[in-house]
Amino acid sequence: MRDSLQQGSELLSAIAAGLPQPAIMIGTNERILAMSPTAVEHFGDASLGRHFFTVLRNPDVIEAVGQVLRGGTPRKTRFAISDHAQDTVFKMSCAPLPLERGHGAMVSLEDTSSIEAMGQMRRDFVANVSHELRTPLTAILGFIETLRGPARDDAVARDRFLETMEKEAGRMNRLVMDLLSLSRVESEERVRPKTRTDLVEILRSVSLSLRPLAEAADVRMDLALNAQSAPIMGDQDQVMQVFTNLAENAIKYGGAGGRVRFELDRIDRDPMLRGPAWEATIVDYGAGIDAIHLHRLTERFYRVDGHRSRELGGTGLGLAIVKHIVNRHRGRLKIESELGKGSRFSVVIAAV
Ligand SMILES: Nc1ncnc2c1ncn2[C@@H]1O[C@H](COP(=O)(O)OP(=O)(O)OP(=O)(O)O)[C@@H](O)[C@H]1O
Ligand SMILES: [Mg+2]
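Since the structure is predicted, the reported quantities are computational estimates derived from the model, not experimental observations.

### A word on the overall build of the protein chain
- If you tally the helices and strands in the protein chain, you get 12 helices and 12 strands.
- In terms of principal-axis extent, the alpha carbons of the protein chain reach across some 95 × 65 × 40 Å.
- Per-residue burial for the protein chain yields a buried fraction of 27% across its 352 residues.
- Here the analysis covers contacts within the protein chain between residues at least 6 apart in sequence; of these, 60% occur between residues at least 24 apart.

### Some words on the nonpolar core
- Counting residues in each nonpolar core, the largest one holds 37 residues, and the members touching the most others are Val242, Phe243, Leu246, Ala247, Val260, Trp278 and Ile282.
- Going through the elements one at a time, helix 7 (199–209), helix 9 (236–254), strand 9 (259–270), strand 10 (275–284), helix 12 (318–328) and strand 12 (342–350) are the ones with two or more residues in this core.
- Take this core: its biggest share by element is seven residues, from helix 9.
- Those residues in contact with Ala247 that lie beyond four places of it in its chain are Val206, Leu210, Val260 and Ile282.
- By size, the runner-up hydrophobic cluster in this structure holds 25 residues, among which are Ile32, Val68, Phe90 and Val107.

### Describing the domain arrangement of the protein chain
- By domain assignment, the protein chain separates into domain 1 (2–111), domain 2 (113–187) and domain 3 (193–352).
- A C-alpha centroid distance of 52 Å is found between domain 1 and domain 3.

### Some remarks on the sheet that holds strand 12
- Spatially, the five strands line up as an open sheet ordered 7-9-10-12-11, and their pairing is mixed. Either end of the sheet is taken by a strand with one partner, and the two such strands are strand 7 (220–225) and strand 11 (332–338). Ignoring strand direction, the axes of neighbouring strands in this sheet form an average angle of 15°.
- Where strand 7 lies against strand 9, six bridges are found, and the strand directions are parallel. When the sheet's bridge partners are listed, Leu223 is paired in strand 9 with Phe262.
- Sheet strands touched by helix 9: strand 9, strand 10 and strand 12. Its angle to strand 10, the strand with the most contacts, is close to 30°.

### Details of helix 9
- Its 19 residues place the ends of helix 9 26 Å apart at the C-alpha level, agreeing with the 27 Å of an ideal helix rising 1.5 Å per residue.
- In terms of burial, helix 9 is a largely internal element, 14 of the 19 residues being buried.

### Examining helix 5 (residues 113–148)
- For helix 5, spanning 36 residues, the distance from its first C-alpha to its last is 52 Å, which sits close to the expected 52 Å at 1.5 Å a residue.
- The principal kink in helix 5, of about 25°, is found at Arg134, preceding the proline Pro136 by one to four residues.
- Burial in helix 5 covers these residues: Glu132, Pro136 and Phe143.
- Summarising the contacts, the buried residues of helix 5 are in contact with helix 6 (155–187).

### Quick notes on the site of ligand 1
- In the neighbourhood of ligand 1, 22 residues make up the surrounding shell, with Asn249, Val304, Gly314, Gly318 and Leu319 lying closest.
- Of all elements in the fold, only helix 9 and helix 12 reach the threshold of two or more residues within the shell around ligand 1.
- Here the shell around ligand 1 takes five residues from helix 9, the largest share from any one element.
- A class-by-class count of the residues in the shell around ligand 1 yields eight nonpolar, 10 polar and four charged.

### So, the environment of Pro59
- Along the polypeptide, Pro59 turns up in helix 4 (residues 59–69).
- Residue Pro59 is classed as exposed on the basis of its 11 C-beta neighbours within 10 Å.
- For the pair Pro59 and Phe79, spaced 20 residues apart in the sequence, the C-alpha separation amounts to 9.4 Å.

### Quick word on the packing of helix 7 against helix 9
- For the pair helix 7 and helix 9, the least separation of the axes is 9 Å and the interaxial angle reads 50°. One way to sum up the angle between helix 7 and helix 9 is to call them oblique. Judged by the sense of rotation from one axis to the other, the crossing of helix 7 with helix 9 is right-handed. Between helix 7, through Ile202, Leu203, Ser205 and Val206, and helix 9, the contact on the second element is made entirely by Gln236, Val239, Met240, Phe243, Thr244 and Ala247.
- Residues of the contact of helix 7 with helix 9, tallied by class, amount to seven nonpolar, three polar and no charged.

### Quick word on unusual backbone geometry
- At Asp218, a residue that is not glycine, the phi angle is positive and equals roughly 65°.
- Structurally, Asp218 is set in the loop between helix 8 (211–216) and strand 7.
- The phi angle at Arg274 is positive, at roughly 55°, despite the residue not being glycine.
- Mapped onto the elements, Arg274 comes out in the loop between strand 9 and strand 10.
- Here Arg274 falls in the exposed class, since 9 other C-beta atoms lie within 10 Å of it.

Here is what the cut-offs are and how they apply
Residues numbered from 1 in each chain as written. Chains lettered and ligands numbered in written order. Predicted model: local features only at pLDDT ≥ 70, side-chain atom pairs only at ≥ 80, totals over all residues. Helix = DSSP H or I, 4+ residues; strand = E, 2+ residues; numbered from the N terminus. Buried ≥ 20, exposed ≤ 12 C-beta atoms within 10 Å, placed from the backbone. Contact = placed C-beta atoms within 7 Å. Core = buried A, V, L, I, M, F, W, Y, C linked by C-beta atoms within 7 Å. Domains from an automatic or database assignment. Pairing = 2+ DSSP bridges. Axes fitted to C-alpha atoms, helices over the stretch in contact; angles between N-to-C directions. Expected span 1.5 Å × (residues − 1). Bend = angle between axes of the 7 residues up to and from the residue. Near = placed C-beta within 6 Å. Nonpolar A, V, L, I, M, F, W, Y, C, P; charged D, E, K, R; others polar. Parallel < 35°, antiparallel > 145°, perpendicular 65-115°, else oblique. Left-handed = near helix turned anticlockwise from the far one by under 90°.

What follows is the structure, given as structure tokens:
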């Protein structure tokens, strides 16, 4: 009798050890018999042999397990545990476990935190997009109303309103284009670019195309490119977009410094890419960005100063697009900034 009990618990431990998801087996005496390695990670190995409700302290879970131990039907429930900084949300199912003397219960858990976090992100995204579209739309609708009513015969006001309406419609158009471009980049993020392109050429042509914007903002652009050519495997249009977005930001938000610098240097061996690489940096000497914002800058719709960005026609998607394109090119984006001194946005990408 003892031998078969002993063998039974060894068998349970062996099965638990091979289960990938968190699983806890509970004996007829309501004590924990065996735990899978991921359950040990969450609840600690001191839980073995303890009464199950000192470990699984959630009332719904205790209720479900108790019911199964009393011979009830299998149950499912959801619960969250919080350790240190984060909450982990579990889906729990509990089923009877036939044992030598009656039956115990087997609790298996599924960590659904990342699925829930994704759902939350999707909801936030939809809320953000709707909000961004509604603001200009409300303005346009308001002006239409005014043009039909009070401003009907006022030619001067009409021109001014039409101009504002054009600006708002332009903003909506840019937002939709940026969203499309973001979703295109995201969908091919796992497909490596197959064509060769040249960073020197790209940086030169970005600086040429941004010349009107820089002149209007009274910003001088310097090119400090330490190479004749800088071949990489890359999608030319996308890499152009990266440096266009970075340089546009440098002019728009860092333009107070009066100049923006394009740097390009070769790295003989990049520790992360494990080989030779190019580092292209857009430098500005403007207001800089407070360190608390740096790690969130590449989030969609994240802006340091939302009001100012909107005034300058920004949608807050530029750096999110940059990040996805850089990821697709297996490169790295580095952001350094000091308040009052300016910012450096660098892209490191493998050389070929
Ligand atoms: N060089 C910079 N100096 C200071 N702040 C910057 C700089 N670059 C970006 N930022 C801040 O980061 C925010 C996010 O930049 P991002 O390019 O993603 O959006 P945006 O410029 O507001 O809009 P979009 O690029 O879509 O037109 C900006 O709103 C701005 O507050
Ligand atoms: Mg931008």
